[in-house]
Amino acid sequence: MHYIGKLNKNRIGKYANKIVTFDVVLTEERRLHIYENHTKDYEQIIENIDRVVLNPNEVLEDLKHKDTILLIDKLEKDNLNVVIKLNIVDNESHPKNSVMTAWIIREKNLQKLRKNTQIIYKNE
């Protein structure tokens, strides 16, 4: 398990008062998932995932998946989207907030994504 760090409580809106911990981890199972589903971009994702989790430019609430947020930040050409499942209940088997997946997203697709989510934080 890779410990990433703590979520910035000033960027996660209402979830700052709901989550049990601010700690975020990337499990080996989820790292493998990212590798298998985004092999071409895997190195770039892994190189940037910690930075995006700790200091996202934008935070979106995933309206389709309960207690899930999307942390987004700019890369050289595109954006990195990191999906985090938040720990709302004290769960011994999943004691931390967890990276579920991450992928590179083009600006055009980010605009579409914003329409299906709610903006929690945006660095203007």
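Note: the structure precedes this text.
Each chain carries its own residue numbering, running from 1 in the direction its sequence is written. Only residues with pLDDT of at least 70 get local features here, since the model is predicted, and only at 80 or more are side-chain atom pairs given and counted; chain-wide, interface and lining totals rely on the full set of residues. Water and hydrogen atoms play no part in the side-chain values, which are based on all heavy atoms of the structure.

## Comments concerning the pairing of strand 2 (residues 23-26)
- Here's how the labels work: a residue is buried when its accessible area is under 20% of the maximum for its type, exposed when over 50%, partly exposed in between, all with a 1.4 Å probe on protein chains only. Under the DSSP-based scheme used, a helix requires at least four consecutive residues in state H or I and a strand at least two consecutive residues in state E, with every element numbered from the N terminus. The side-chain alternation of strand 2 yields two buried faces, one formed by D23 and V25 and the other by V24 and L26.
- Bridge count for strand 2 against strand 6 (residues 97-105) is two bridges, and the pairing is parallel. Note that in strand 6 the partner of V24 across the bridge is N97. Only when DSSP finds a minimum of two bridges between them are two strands counted as paired.

## Digging into the nonpolar core
- Residues enter a nonpolar core if they are buried and are Ala, Val, Leu, Ile, Met, Phe, Trp, Tyr or Cys, with the set joined through side-chain atoms within 4.5 Å. Counting residues in hydrophobic clusters, the biggest one holds 25 residues, and the most contacted among them are V53, L71, V82, I84 and V99.
- Going through the elements one at a time, strand 2, helix 2 (42-54), strand 4 (68-74), strand 5 (79-85) and strand 6 are the ones with two or more residues in this core.
- Here this core takes five residues from helix 2, the largest share from any one element.
- Counting seven residues, the second-largest nonpolar core is a separate cluster that includes L60, V83, I105 and L110.

## Let's talk about the sheet that holds strand 5
- If you trace the seven strands from one edge of the open sheet to the other, you get 1-2-6-5-4-3-7, paired in mixed fashion. One side of each edge strand has no neighbouring strand; the edge strands of this open sheet are strand 1 (2-6) and strand 7 (117-122). In this sheet, neighbouring strand axes are inclined to one another by 30° on average, regardless of whether the strands run parallel or antiparallel.
- Across four bridges, strand 3 (residues 58-62) lies against strand 4 in antiparallel orientation. Counted as the bridge partner of V59 is L71 from strand 4.
- Here helix 3 (residues 107-115) sits on the sheet in contact with strand 3, strand 4, strand 5, strand 6 and strand 7, set at roughly 110° to strand 7. Structural elements are reduced to axes, namely lines fitted to C-alpha atoms, with helices fitted over the stretch in contact, and the angle between N-to-C directions of any two is expressed from 0 to 180 degrees. In what follows, a contact means two residues having at least one pair of non-hydrogen atoms within 4.5 Å.

## Regarding the packing of aromatic side chains
- Classification of ring pairs uses Phe, Tyr and Trp, with its six-membered ring standing for Trp, and accepts pairs whose centres are within 6.5 Å; under 30 degrees between planes counts as stacked, over 60 as edge-to-face, and the remaining range as tilted. What the rule picks out here adds up to one aromatic pair.
- With a centroid separation of 5.1 Å and an interplanar angle of 90°, the aromatic rings of Y35 and Y42 are classed as edge-to-face.
- The class for Y42 is buried, based on a relative accessible area of 13%.

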